Structures are given as C-alpha cells and as structure tokens.
Amino acid sequence: MTADGNDSHRPGASPARRPRIALAALGGLVAGFCALAVAELAAAVVRPEAGPVTAVGSAVIDHTPPAVRDFAVRNFGTNDKWALRLGILVLLALFAMGIGMLALRHRRLGSGAVLVFGLIGAVSAVGRPEGAPADALPSVVGAVVAAAVLYLLAGRLAPARRPSPAAGEGDGEPSDASDRRGFVVAATVAAVASAGAGYLGRRLTSSVQAGATASRHDLVLPVPRSAAPAIPAGADLRIRGLSSFITPNKDFYRVDTALVVPRVDAGAWRLRIHGKGVARPVTVGFHDLLRREVIERDITLTCVSNEVGGPYVGNARWLGVCLAELLDEAGVLPPSKGGPADQIVARSVDGMTIGTPVEAVMDGRDAMLAFGMNGEPLPFEHGFPVRMVVPGLYGYVSACKWIKDIELTTFAAYDAYWVERSWSQQAPVKTESRIDTPRPFASPKAGVVPVAGVAWAQHRGISRVEVRVDGREWHTARLAAADTRDTWRQWVWEWPATSGDHTLEVRATDGTGATQTGDRVGTVPNGATGWHSVAVHVP
Ligand SMILES: Nc1nc2c(c(=O)[nH]1)N[C@H]1C(S)=C(S)[C@@H](COP(=O)(O)O)O[C@H]1N2
Ligand SMILES: [Mo]
C-alpha cells in the first residue's frame, strides 16, 4: 500500500507530505465520527446503553477499583460521568487520528485497527451485568462501516500505483491536488452522512423515551393512606449556610453507575418477587402499586462513599408502599421467624444488584418501594418509576433505583455488585455529623458566630451534638426539633469567636447513647468515620 519511490512519503521529506499526513489524520477522525454515529443509530434500535462510548464507559466504571471510583465521585461529583465520557472521546479522537495516519501507508492495517476498536466496544457492551449478545451490534456495525470509510478515504490519499518520475517534489502536482480534492469531497460526504445517521439515532432514541417521559409527566401521585407526620416547626433552624431540612430534588445528591439515565415507561414497568422461601411469587405493575396502601415517610439517604464532611447525604419525603407487606403477601418470613433467605437482592433495569438484609426490611422499619420524592414523581435520575428506600442502611445496600426484580436468597450464596468490588455485604449507616457553617477557611468576624450543621444516625436518631474549638472542651449544641429517628437533625452552637486561627470539630451521639468515634477511617469497606473539622480565621 505504500507509495514506493515517492519522496513525499519519506518522513518529513517534502512540504506535500505534511498536509497529506494531516489529511490522513483528518480521515481517521472522520472514520471515527462515522463509527460513533452509525453505532448511535444502531444503538437506538438495540438500546441506548449499548452504544460504544456508553458501553466502554460503563465497563470502566464496573472495573474501577473502589479507591479510584471514590476519588472520581468526590472530585467530579455528578460530573464524573461527563469527565469519563469526555476522556473516552478525547482518547478515541487521538487513536482515530493515529489510525488515519497508519492507513495512509497500510490501508488494510488501518481498517483492521478500526475493527479492533469495534471489538472493544462490543465486548464491553456484552460484558455488562445486563449485557445481551445483541448489545454487540452497535459497535460492530459502526466499526465495519467506519473501516470501509477509512479504506476508501486512505485510498484517495495514497495514489500509490502511479508511476512517478525521479523522486520529485513536484511529481504529479496536479493529480495530487485532484486526489486531495477527491479526498475532501469523500470525507465531507462521509461526515455529513454520519451526522445524519447520528441525528436520526438521537431522534429515534428520544421518541422511544417519549413514552417514559409522558408516563412520568402524566402521573398523578396518590394521596397517602398513612401520611408522614408533620415536620415540627423547629426542625429547620433556617440558618444561613445550613442545609435545608428537606433537600430539594434538584439539589439531592446522585450516586450511581448509570452513564445513561434509564428511562422506564411506568406503564410497562413490572416488579417480580421470587426466590428462596417465596411461597407465592408475585409480579406487580405500577398501577398495582398505586392501588395499594400508600405511605409517606421522611427518610435521610446517605452514600457509603461520603467522606467525613462530604455532600452525599440528603433528606427527602418519600411516597410509596411498604415493602415488608408485599414480601409478607409473597409468603416471605424473616430469618428470625424461620425464613430460609437472609438477603434480598434487588435488580435494576441497568443491571445493578443491591443486597439488603431481609431482617432489616421486615423488622418494622419503613422500608419502601418509593415512587414519589418531595411531592413529585421520582425524578428519572433518582430511579423513576420505582426505587427502594430503607431507613438506616447506606444506599448501596438498600436504595436500588429503577428496580425491576427482587430475589430472596442468602448472603452466603450471592454477592451483589459493590460487594464483589470489596465493599461490605452489610452496612448500617454510621453516626455522623457535619459542620455546614462556617465554611472551611471562612473569616467570620469576632463575636458570636453560629456554628451549625446536620447530624444523622438513621433509625437510631440523634440525641446530642457537641462542638469544640482547638481541641479544648466539648460544648453541647442546641438540637433542632426531631422529625423522626430516620431523618437527620440540624444543630447549632453559638461560638464566642475570638480573633486568630481556629479549628472547629463536631461529634454526635445517637439514640442508643453511642457517641460518634473520632477514629479516622476511609469509606471502604463500610463507611468513613472521624470528626468533621473546619479551619477558620477570625480577623
Ligand atoms: N440502579 C442503581 N441503583 C442505585 C445505585 C446505582 O448505581 N444503580 N447506587 C446506589 C447508591 S451507592 C446510592 S448512595 C443511592 C443514591 O441514590 P440517589 O442517587 O437517588 O441519591 O442509590 C443506590 N441505588
Ligand atoms: Mo452509595
């Protein structure tokens, strides 16, 4: 495939070579774009999650060591997904340019390299927890089309077989130019056609998702038979800089592995309950849930990946049904009553598995299948149409979003997604407290400074919060009125601040009388501990 004897192919030889190399790189980019666009169109037919960028990104998430994932979640927050996508796209663009340049000399090799990338996409898609053989299609189809496009484009750039006079710079200038024109025309056609395919793919996907969007939009939330107790007037201290008692949906933290937020049509949604010790397996639809006894509860949700002082905690008013009642109807007995299963494995439409103790779900606490959040249908990001919420357990062992299946099994028999990735099988929420104000490195004026924050120990409640300055004696903070023991509690301590540099620390005591430990441990394997401290400078 090389242009033997043509000087313009000797590295760095002629001015004509550089533009040709640049065009070759461009050809690679066009082929790469073509691969993604065609794959997008194919994914619209198969399913959006099977697109190569999403599939590879998800595979990266699946195989990321907990420490790195923790780092990403902490440093990019919800933007970690965009960072990952962008990273993949930038890498792909670089590879595409390289492959384009390779194709200039070795056309078949270049096209072969494109197919290898297609294979990576295909393997990633099929290897996901919920992956099916058809998920390979988008990557394969995209790669095959792109390989052909690259082969054609490279052919335009390497007029190899043309006999050339002595190693001349100016050899066949006119035909070189016309080859280039031919390349530009072909590349433009390929790019425009790809853009068309990509656009069509997007349109198709959104029309498929329109049903889900409409089902959420049209949902009229039922009035609960058992309403949440009214939030006491004094539960929200309304101090500037302090988290509001109820976290608005738009501010509610989001932690999940989904690169594409699943959009499930409530009308088509089903939940199956089956497995060990299930006397009567049940399948319920969304409208079956709405017709059941609906309950409303305030429950604070926390992520095990939350560092001391971190943001992955929020408090919402959930609307849904009691999970224990459904299990009861299915004939499930908790281990304490002789039931053979000690673990519930919830599965989501995106292949997440979350294992929860049967005993916890059936011990009388308000474990819910929730479809409403703060007076709205669940936002898609938070699990529409239905998710689990269990007070007192970290999200990764209780709060399955986009749930579709509940299997009764044992902890001995099955490790859920995060447990396979070195997190604990069981993880009750640890007693924690956080200083919201003053912010780290703030410069409050000397005088009375309200030090305020939140403390949580779901299902045990908070009985005391203490604050100390510069490691001296602990002062008891004033607690806001308690809502329930499943919610966090605000607190404030009026600090007589004197000028200088100071360190504020907080610790909480839960409803059982146990005080939050000052021992610092990281988030893996079952939640961080330690006292949150904030350094400030009083001028
Ligand atoms: N399907 C699915 N459900 C999931 C997760 C997930 O990755 N996928 N993450 C869990 C974790 S780790 C937490 S902390 C909570 C977070 O719920 P939120 O995003 O609504 O705050 O969802 C849980 N449910
Ligand atoms: Mo989490």
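Residues numbered from 1 in each chain as written. Chains lettered and ligands numbered in written order. Predicted model: local features only at pLDDT ≥ 70, side-chain atom pairs only at ≥ 80, totals over all residues. Heavy atoms only, no water.

Novice: Would you explain the site of ligand 1 in this entry?
Specialist: In the neighbourhood of ligand 1, 20 residues make up the surrounding shell, with Tyr253, Thr257, His382, Arg387 and Lys401 lying closest. Thr257 has a polar backbone atom sitting 3.0 Å from an oxygen atom of ligand 1. In the model, a nitrogen atom of ligand 1 is placed 3.3 Å from a nitrogen or oxygen of the Ser348 side chain. For ligand 1, whose accessible area on its own is 530 Å², the fraction buried by protein is 100%. (Near = heavy atom within 4 Å. Polar contact = N/O pair within 3.5 Å; in protein donor to acceptor, adjacent residues only side chain to side chain. Areas by Shrake-Rupley, 256 points an atom, 1.4 Å probe, with all protein chains shown as cover.)

Novice: I'm lost on the pattern of salt bridges in this one. Help?
Specialist: For the structure on display, the rule yields 27 salt bridges. A salt bridge links Arg128 to Glu130; the nearest nitrogen and oxygen atoms lie 3.7 Å apart. Using a relative accessible area of 19% as the deciding quantity, one classes Glu130 as buried. When the shortest N-O distance is used, the salt bridge between Arg272 and Asp405 registers 3.6 Å. With Arg272 in strand S1 (residues 270-275) and Asp405 in strand S10 (residues 403-409), this pair connects stretches of sequence that are 133 residues apart. Among the residues examined, Arg272 registers a relative accessible area of 41% and is labelled partly exposed. Here the residues in one salt-bridge network are Arg47, Glu49, Asp62, Arg128, Glu130 and Asp135, joined through shared partners. (Salt bridge = Lys/Arg side-chain N within 4 Å of Asp/Glu carboxyl O. Buried < 20%, exposed > 50% of the residue type's maximum accessible area, 1.4 Å probe, protein only. Helix = DSSP H or I, 4+ residues; strand = E, 2+ residues; numbered from the N terminus.)

Novice: In this structure, what is going on with the confidence of the model for the protein? I would like to understand it.
Specialist: Do not read the predicted coordinates in detail wherever pLDDT is low. Scored by pLDDT, the protein comes out at a mean of 92, with 92% of its residues at no less than 70. For residues 1-13, every residue scores under 50 in pLDDT, and the model assigns this stretch 27 contacts once sequence neighbours within four places are set aside. Every residue in residues 164-174 scores below 50 in pLDDT, and together they form 11 contacts with partners more than four places removed in sequence or on other chains. (pLDDT = per-residue confidence, 0-100. Contact = heavy atoms within 4.5 Å.)

Novice: It is not clear to me how the sheet that holds strand S15 (residues 478-479) should be interpreted in this structure. Could you clarify?
Specialist: Pairing in this open sheet of four strands is antiparallel, and the strands run S11-S12-S16-S15 from one edge to the other. If you trace the sheet from one side to the other, it starts and ends with strand S11 (432-437) and S15, each paired once. (Pairing = 2+ DSSP bridges.)

Novice: Looking at this structure, I do not really get unusual backbone geometry. What am I missing?
Specialist: Trans peptide bonds make up most of the peptide bonds, and negative phi angles are found at most residues other than glycine. The residue after Thr437, namely Pro438, is reached through a cis peptide bond having omega 0 degrees. Residue position: Pro438 is located in the loop between S11 and strand S12 (447-456). The peptide bond linking Val524 to Pro525 adopts the cis configuration, its omega dihedral lying at 5 degrees. Within the secondary structure, Pro525 is located in the loop between strand S17 (500-510) and strand S18 (532-538). Phi is positive for Asn374, which is not a glycine, with a value near 55 degrees. For Asn374, the location among the structural elements is in the loop between strand S7 (368-373) and strand S8 (376-377). Even without being glycine, Trp402 reaches a positive phi, approximately 50 degrees. Secondary-structure assignment places Trp402 in the loop between strand S9 (387-389) and S10. We classify Trp402 as buried; its relative accessible area is 2%.

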